[in-house]
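# Structure assessment
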Amino acid sequence: MAITTVPGTTRGAGRPASPYPAGPQRTSLGRKVRDNLTGHTFLIGAVLCFAVFSWYPMIRGIVMSFQRTRRGETTWVGWDNYSRIIDDPSFWTAWKNTLYFTVLALVLGYAVPFFVAILLNEFRHAKGYLRILVYLPVMLPPASALFLFKFYAYDPSEAGLFNAILTALHLPTSQWMQSPDMTMPAMVLASTWMNMGGAVLIYLAALQNIPGELYEAAELDGAGIWRRIVHVTIPQTRLILALLAMLQIVATMQLFIEPLILANGAGAEDSATSVAYLIYQHGFFQNDLNGAAALGVIMLVVLAGFSAAYLRLSAKQD
């Protein structure tokens, strides 16, 4: 049967217009929605992990620092926990030790990986084996590496590795972790050996991106190895050096496992007590979770202030 239309009208008149574009445009829109949905789905997992294991404990710790819990009852005490923690003589001892460790780590643990990377970069053969050798301590569990130092290297008798070396060189031996003066340098030495592999690999990657023409020009100008390092290597790796300096300061300010294992916590005459270990003492030995939370918030503020100052200075230099 033939289909007729009424004059003045068209076929399909009266149907509502489709709100979605037809053809390839609609397919492209659907693909974008699916791609974004997949990306946001993966992001949800990361956000939840941060929320549960980082943000919630941080917020909970800040709230606990203004509370006091006794016999299951929680009351708000304002700044009392902070004043009590600051009045504790161990508070200032812990900060002095932590800052001392940080300064020593910058002098030794920050400079050594950089110069080791420069040395490895100069080798023409066996680079892969040397990188594995340098990175090997990082693959050891930190507790195992520190126990190795404690019972093998830092043995106060002549059977200890370092004392045996000193004896062979006809130098006086040391008590190492039993000596208040040697506790911090010994911990910095162990921490540097244990952690420098990652920094060395990062420095090596930065060194290999420096154009060789710069070194050739410096050599033509008569620059020696030290002047080439000062005028070529350091300026070309300035951003990496600054970034790793900030990361090292933040990491060393959270000194905990080294005094816990090497010095059994406080060390001789409290020479190894750090802020992080003091938090551990308040929380698990004194059952003072509110004081531990207050001390943790103080450390958070100090590290956040340092990071903000670093970012501000970096922005001005750029």
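Residues numbered from 1 in each chain as written. Predicted model: local features only at pLDDT ≥ 70, side-chain atom pairs only at ≥ 80, totals over all residues. Heavy atoms only, no water.

## Looking at the side chain of T192
By the element assignment, T192 lies in helix α8 (residues 183-207). When its relative accessible area of 11% is taken as the criterion, T192 is described as buried. A polar contact is formed between the side chain of T192 and the backbone oxygen of V188, at a distance of 2.8 Å. If sequence neighbours within four positions are ignored, T192 has contacts with L108 and G109. (Helix = DSSP H or I, 4+ residues; strand = E, 2+ residues; numbered from the N terminus. Buried < 20%, exposed > 50% of the residue type's maximum accessible area, 1.4 Å probe, protein only. Polar contact = N/O pair within 3.5 Å; in protein donor to acceptor, adjacent residues only side chain to side chain. Contact = heavy atoms within 4.5 Å.)

## Some details on the UniProt feature "transmembrane region" (unreviewed entry) in the protein
Those residues carrying the UniProt feature "transmembrane region" (unreviewed entry) are residues 37-56, 99-120, 132-153, 186-206, 237-257 and 292-313 in this numbering. Overall, residues 186-206 shows 100% helix and 0% strand. The separation of its end C-alpha atoms is 30 Å. A distance of 32 Å separates the end C-alpha atoms of residues 292-313, which is 100% helix and 0% strand. (UniProt positions renumbered as here; feature names shortened; annotations may be inferred.)

## Some points on the nonpolar core
Counting 21 residues, the largest nonpolar core has F149, Y154, M177, M187 and L262 as its most contacted members. Of all elements in the fold, only α6 (142-153), α7 (161-168), α8 and α12 (257-262) reach the threshold of two or more residues within this core. Broken down by element, the residue count for this core peaks at six residues, all from α8. Residue contacts for L262: discarding those within four places in its chain leaves L146, F149, K150, Y154, M177, M187 and A190. Core analysis: the second largest hydrophobic core is formed by 19 residues, Y110, A117, A218 and I229 among them. (Core = buried A, V, L, I, M, F, W, Y, C linked by side-chain atoms within 4.5 Å.)

## Details of the packing of helix α4 (residues 111-122) against helix α5 (residues 127-139)
When two helices pack together, their arrangement is given by the angle between their axes and by how far apart the axes lie. Orientation of α4 relative to α5, taken along the N-to-C sense of each, is 160°, at an axis distance of 10 Å. Judged by the inter-axis angle, α4 sits roughly antiparallel to α5. Considering how the two elements wind past one another, α4 and α5 form a crossing that is right-handed. Of the residues in α5, those in contact with V116, L120 and N121 of α4 are K127, L130 and V134. Its residues assigned to classes, the contact of α4 with α5 shows four nonpolar, one polar and one charged. (Axes fitted to C-alpha atoms, helices over the stretch in contact; angles between N-to-C directions. Parallel < 35°, antiparallel > 145°, perpendicular 65-115°, else oblique. Left-handed = near helix turned anticlockwise from the far one by under 90°. Nonpolar A, V, L, I, M, F, W, Y, C, P; charged D, E, K, R; others polar.)

## What to know about the pairing of strand β1 (residues 67-70)
Of the strand pairs in this sheet, β1 and strand β2 (residues 73-76) are connected by four bridges, and their pairing is antiparallel. Note that in β2 the partner of R68 across the bridge is T75. (Pairing = 2+ DSSP bridges.)

## Focus on the environment of L207
Note on placement: L207 falls in helix α8. The buried category is assigned to L207, whose relative accessible area is 5%. Taking the C-alpha atoms as reference points, L207 and Q236, separated by 29 residues in sequence, lie 8.2 Å from one another. Residues contacting L207, with those up to four places away along its chain left out, are A117, I118, N121, T233 and T237.

## Here's the deal with α4
With 12 residues, α4 ought to run about 16 Å at 1.5 Å a step, and its terminal C-alpha atoms sit 17 Å apart, in line with that. When α4 is considered as a whole, its buried residues turn out to be P113, F114, A117, I118, L120 and N121. The buried residues of α4 occupy an angular sector of 165° when the element is viewed end-on, so they sit on one face. Elements that come into contact with the buried residues of α4 comprise α3 (89-109), α5, α8, α10 (225-236) and α11 (238-252). (Expected span 1.5 Å × (residues − 1). Arc of directions from axis to C-beta.)

## Details of α7
Those residues of α7 that fall on the buried side of the exposure criterion are F162, N163 and L166. The buried side chains of α7 occupy one side of the element, clustering within an arc of 95° when seen end-on. The elements touched by buried residues of α7 are α6 and α8. Phi for H170, located one or two positions after α7, is positive at around 60°.

## Describing the layout of surface pockets
By volume, the largest pocket amounts to about 430 Å³. If you trace the largest pocket, you find 22 residues lining it, with S191, N195, Q248, A251 and T252 closest to the centre. Among the secondary structure elements, those contributing two or more residues to the lining of the largest pocket are α3, α8, α11 and α12. Considering every element that reaches the lining of the largest pocket, the biggest residue donor is α8, with seven residues. Residue composition of the lining of the largest pocket, grouped by class: 14 nonpolar, seven polar and one charged. (1 Å grid on protein atoms, 1.4 Å probe; cavity = no way out; pocket = protein on both sides within 12 Å on 5 of 7 lines; lining within 4 Å. Points joined across faces, edges and corners; volume = space filled by probe spheres on them.)

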